[in-house]
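# Fold and contact review
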Amino acid sequence: MAPKLNPTFPSLLLLLLLISFHLCTVIAWKKEEFRTCHQTPFCKQARSRKPHSSSLFATGVAILDGALTAKLRHPLPESPDQDQIKPLLFTLSVYQNGVVRVKIDEDPSLDPPKKRFEVPDVILPEFEATKLWLPSFQTEMMDGDSEPSSIVYVADGYEAVLRHSPFEVYVREKQSKRRVLSLNSHGLFDFEQLRVKQEGDDWEERFKSHTDTRPYGPQSISFDVSFFDADFVYGIPEHASNFALKPTKGPGVDDSEPYRLFNLDVFEYLHDSPFGIYGSIPFMIGHGKTRGTSGFFWLNAAEMQIDVLGSGWDAESGILLPESGSRIDTLWMSEAGVVDTFFFFGPGPKDVVRQYISVTGTPAMPQLFSTAYHQCRWNYRDEEDVENVDSKFDEYDIPYDVLWLDIDHTDGKRYFTWDRVLFPNPEQMQNKLAAKGRHMVTIVDPHIKRDESFHLHKEATNKGYYVKDASGKDFDGWCWPGSSSYPDMLNPEIRSWWSEKFSLKNYVGSTPSLYIWNDMNEPSVFNGPEVTMPRDALHYGGVEHRELHNAYGYYFHMATSDGLVKRGDGKDRPFVLSRAFFPGSQRYGAVWTGDNMADWDHLRVSVPMILSLGLTGMTFSGADVGGFFGNPDTELLVRWYQLGAFYPFFRAHAHHDTKRREPWLFGLFMQLEELNKVDAKSVERNTELIKNAIRTRYTLLPYFYTLFREANTSGVPVVRPLWMEFPSDEATFSNDEAFMVGNSLLVQGIYTERAKYASVYLPGGQPWYDLRTGITYKGGMTHKLDVSEETIPAFQRAGTIIPRKDRYRRSSTQMMNDPYTLVIALNSSHAAEGELYIDDGKSFEFTKGAFIHRRFVFSDGKLTSSSLASNAPGKTLFSSPCFVERIIILGHSSGPKNALIEPSNRKAEIELGPLWLRQGKSNSVLTIRRPNVPVSEDWTIKML
């Protein structure tokens, strides 16, 4: 064990007080620790501005380097005593696939005090290569204007318009002239330019006991954005609120805060709140029945506040915009940065997602094990505890893939170390898990213990790798280890240095089956303003923390992920879970919704939170099953497992002050009054219900893995809103109780205790099949369904085919070569189709074509399997011994007794069989038994 420093008594007392404050928040979230808009000068100022406030106009419009450029000027000052405001540089660029980029910045030729920060390493290099070089622009006189506007082609049927005076930019449909998206239609644009501090300037900001020096003065930016023909807007995570964003300002709107984007360590966060929590993605999507979908993204890592303006907010402005079926106006406000915005005009919801992903990157393809079930707790005490938990899963025949260790596994909160008393043989512990196909995850946070005997701190100090405070000294803040410093992850050199720490040589006690969890990376600083780093802290290149705050966790996530790739010599896909996130985080791993609570409201809000994350690129996300804080009662925990089994990221986690709640301990954490009401059989039954929920996930792993590949190639999320599949169905637009898993499954949770019924809306004109029973329900209507303890409402969409694996093993790794079951849900035309994706589940060989991708089509009584892979004929880069052992057909009248398999010219029996194996009573359904056709080959099966 490394020697420890002996802190002075005052320092120790301060540490204890700070940690006590952090832990006390388990009882209540301390709202007063965080700023409101009224306490935030840039937000208060922007919100007070009236329409028409902006007097900017565009001059010198030209084509330069293939883009439309201009200078945005203010009118001459009315008094000679007033300084002329410097012009801003405007650039509009057009890219393939329907993307318009608008940048506005200070003019570097006019010698601003420093260069404003532009977020690096988020936009894909290959995106820049898709730029369309504009040869020229056209002009058009708009009604009421004194000079013509400039117009450029952006895509077939669309054009971008730069209105000169007053300044405005928008995208419209070419033929109808109907607007899609606009910026500054209401004249709310404001851009505070950097200045040199003069004698008498008081730029300091104070909040509680903290002072922000603001050496470059106010530098905020704000503007309005309008979504035309939109019934609702969505996105801009992370907030614990409705999926369809509610208005935050306007007539009839209660006094509300804007939606805040500022990464913060918020414990026991409130549900139904616009308050920002752990991550920030400033990407909003508008959707409506009339036109479809559009999106707007602002690449900016400073604090942001966004108002959704209620209908009639501008009634007294006198502004008349072109007629539109519906329009949603929004106000975007940021403390710093530049205007670097992207307009996505769809027109479909999946089109907008693809357009956004073309800029920020597709989600990483996860390892197969990471899509299965994870067991976590703060903390598993020691190796004996780990071994006991692992063996109990086997004893109760419950599959799981990953066991997690929180901060207490380390030597005194020094990351990359082990407590040698509690974990004396970490490699042996991991190898025992690996022998069963299981993995381990340990936590590595960004705060490094300031201990001269700790090699990591000593090295970072000597190399000058820490973030600096405003005076230029290494920033010293308090977190779990006590006095801590934070690596400056903006610097690529430091990220490379950090990534080397994950090698098996440097991370002593680690093995290739160990993966990583990044927590507290907002960054969390217990004694900092709003529990984070001061805004005037300094990063690489003189960048202030205020300018990059929301991206700090992103760079930390990036460096950790790169470290695991290096550890495996570029062959092993990484798995890194991060709490903080930013646009582009989807390229580096998974996220979760943070420190939620064990109550029904947090179960309910987990769905819109995960939907918002998926819609904005972060498809690999989930919520702590059971709630992190507090002790769930038996019914809540069962319902959470039943819903969590359909989260993209499926992990149970709990605070160390909660009672143990592993599935087999179900009766042991019950409150005393509960125990008096149940018998041993009830306890056993509840454990069985959790087991069945987990097994459901394992049965559906082939389908989930196929969906993760779809996300990896297109950005379309694994879990998606109903309107993504039914974009014209208005009944789906505000429905965030139910969600789609891929295009084939609809799931709705049970969000109230002792529920007897559930109202479930099933969209579309085709029937739906109950996932558990196969019973048919009509589409396009709401059904009042009886609720049972066994399952939550889940349905397979008619016209789809879902791949399953029905044999239960200890882990997903042990299921690799098990046979498949295909579940065919016929539509009214007696047809269906689906896909199956398979690779080795762990390496990057799939990027070279080493995978199997099959398309299944059932039509005219015949099932056909064909390849979707683009490999050259006869060239096989990946093979699988797996075959299809059962084919279940829902919606087919009984009659056929046999099926003919070609090209092998064999027959297979058709009979009635169970829809689900080994999960209690199951309805009998038409089943083709033992067709035993290889998943990797072309074949047909015709019912005779």
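Let me begin by describing the structure that accompanies this report. (Residues numbered from 1 in each chain as written. Predicted model: local features only at pLDDT ≥ 70, side-chain atom pairs only at ≥ 80, totals over all residues. Heavy atoms only, no water.)

Below, the discussion takes up the packing of aromatic side chains. Across all of its chains, the model carries 60 aromatic pairs by this definition. On the basis of an interplanar angle of 85° and a centroid distance of 6.1 Å, the ring pair of Trp-404 and Phe-575 is categorised as edge-to-face. Of this pair, Trp-404 sits in strand 23 (residues 402–405) while Phe-575 is found in the loop between helix 10 (552–567) and strand 31 (576–578), placing the two residues 171 residues apart along the sequence. For Trp-404, a relative accessible area of 0% translates into the label buried. Where Trp-498 meets Phe-502, the ring centres are 6.2 Å apart and the plane angle is 75°; that geometry is what we call edge-to-face. (Phe/Tyr/Trp six-rings, centres within 6.5 Å; stacked < 30°, edge-to-face > 60°. Helix = DSSP H or I, 4+ residues; strand = E, 2+ residues; numbered from the N terminus. Buried < 20%, exposed > 50% of the residue type's maximum accessible area, 1.4 Å probe, protein only.)

Time to look at the sheet that holds strand 27 (residues 482–485). Taken together, the three strands give an open sheet; going across it, the order is 25-27-26, and neighbouring strands pair in antiparallel fashion. Of all the strands in the sheet, just strand 25 (448–449) and strand 26 (477–479) have a single pairing partner and so form its edges. With two bridges joining them, strand 25 and strand 27 adopt antiparallel strand pairing. The partner of Ile-448 across the bridge, within strand 27, is Ser-485. (Pairing = 2+ DSSP bridges.)

Further remarks concern unusual backbone geometry. A cis geometry characterises the amide bond from Gly-346 onward to Pro-347, with omega recorded as 15°. By the secondary structure assignment, Pro-347 is in the loop between strand 21 (339–344) and helix 4 (349–360). A cis geometry characterises the amide bond from Trp-378 onward to Asn-379, with omega recorded as 5°. Note that Asn-379 resides in the loop between strand 22 (373–375) and helix 5 (383–395). Within the chain, Asp-397 stands out as a residue other than glycine whose phi angle is a positive 60°.

A separate point is the side chain of His-409. Along the chain, His-409 turns up in the loop between strand 23 and helix 6 (426–434). On the basis of relative accessible area, His-409 is assigned to the buried category, the value being 0%. From its side chain, His-409 meets the backbone oxygen of Asp-406 in a polar contact 2.7 Å long. Leaving out residues up to four positions away in the same chain, His-409 has contacts with Asn-379, Thr-417, Trp-418, Asp-419, Phe-423, Thr-442, Ile-443 and Tyr-507. (Polar contact = N/O pair within 3.5 Å; in protein donor to acceptor, adjacent residues only side chain to side chain. Contact = heavy atoms within 4.5 Å.)

Moving on: the environment of Pro-75. Among the structural elements, Pro-75 can be located in the loop between strand 2 (67–73) and strand 3 (88–95). Separated by 19 residues in the primary sequence, Pro-75 and Leu-56 place their C-alpha atoms 7.4 Å from one another. Residue contacts for Pro-75: discarding those within four places in its chain leaves Ser-55, Phe-57 and Gln-84.

Under the defined criterion, the tally for this structure stands at one disulfide. Here Cys-37 is linked by a disulfide to Cys-43, with a sulfur-sulfur distance of 2.0 Å. Given an S-S torsion of about -100°, the disulfide between Cys-37 and Cys-43 has left-handed geometry. On the accessibility criterion, Cys-43 (0% relative accessible area) is buried. (Disulfide = S-S within 2.5 Å.)

So, to be careful, I would describe these as geometric facts and stop short of saying anything about function.
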